[in-house]
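The lines below spell out each chain.
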Amino acid sequence: MKPKPKFVTKLFAAIDGYNETKAHSEQQALNLSHTARDTIKPIIEHHNGVWMHEKYGEIFAKFKLPEDAVNCAVAIQLEISGHPDVKLRIGIHTGDIKSGIGTGDIVAKKIAGSASLGGICISGKVYASIQDKTDITAEYLEDVK
């Protein structure tokens, strides 16, 4: 009997303008990172996620359930709106954990690039998993290649 694949959902959040801020002021970039971490990490943990790492204004987390990741992303965007200096784009993707180390990170990062400032984009796999489980509405944007 072939084992059933195990899936993990990756959340990627990018601080908009981080690199430009860092080029202008390392301290200001560091302050952005601290504000984002102090705000986001507890939300990730509250939604059953695991904070993986943060580097250069990019944050990665993982979740067992896609709906936890989506609910977390919504909570993050609501909470971070109280910090006008921190604007995020979030991408979420679910994939087979054996499909390659970092593959989910790469896809989630690519999807985040399609998000509007302060927005959240999810992959088709995430949408298929959450469409009947949450009261979150999603709208089709485009295929990202």
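Source: prediction; values computed, not measured. (Residues numbered from 1 in each chain as written. Predicted model: local features only at pLDDT ≥ 70, side-chain atom pairs only at ≥ 80, totals over all residues. Heavy atoms only, no water.)

In this structure, what is going on with the pattern of salt bridges? I would like to understand it.
It is possible for side chains bearing opposite charge to pair when their charged atoms get close. Under the defined criterion, the tally for this structure stands at 3 salt bridges. With a closest N to O distance of 3.0 Å, Lys109 and Glu58 form a salt bridge. Here the residue Lys109 occupies a position in helix H4 (residues 103-112), and Glu58 occupies one in strand E3 (residues 58-63), the gap between them amounting to 51 residues. A residue is classified by how much of its surface remains accessible, and Glu58, at 21% relative accessible area, is partly exposed. (Salt bridge = Lys/Arg side-chain N within 4 Å of Asp/Glu carboxyl O. Helix = DSSP H or I, 4+ residues; strand = E, 2+ residues; numbered from the N terminus. Buried < 20%, exposed > 50% of the residue type's maximum accessible area, 1.4 Å probe, protein only.)

Would you mind going over the sheet that holds strand E2 (residues 49-55) with me for this structure?
Strand pairing in a sheet relies on backbone hydrogen bonds, with the paired strands running either antiparallel or parallel. One open sheet accounts for 5 strands, arranged E2-E3-E1-E4-E5; its pairing is mixed. Pairing within the sheet leaves two strands with one partner each, and these edge strands are E2 and strand E5 (120-122). Taking each pair of neighbouring strands and ignoring which way they run, the sheet shows an average axis angle of 20°. As defined by bridge partners, strand E1 (residues 7-15) adjoins strand E4 (residues 88-96) across 9 bridges and the pair is classed as antiparallel. Looking across to E4, one finds that Phe7 is bridged to Asp96. Lying over the sheet, helix H3 (residues 66-80) contacts E1, E3, E4 and E5, oriented at roughly 175° with respect to E4. (Pairing = 2+ DSSP bridges. Axes fitted to C-alpha atoms, helices over the stretch in contact; angles between N-to-C directions. Contact = heavy atoms within 4.5 Å.)

Explanation requested: the pairing of E1 in the structure shown.
Every regular strand shows the same layout, with side chains that alternate between the two sheet faces. Counting buried positions along E1 gives 8 out of 9 residues, so the element sits mostly inside the fold. Pairing analysis gives 6 bridges linking E1 to E3, with the strands arranged antiparallel. Residue Leu11 lies in a different strand from E3, and its bridge partner there is Ala61.

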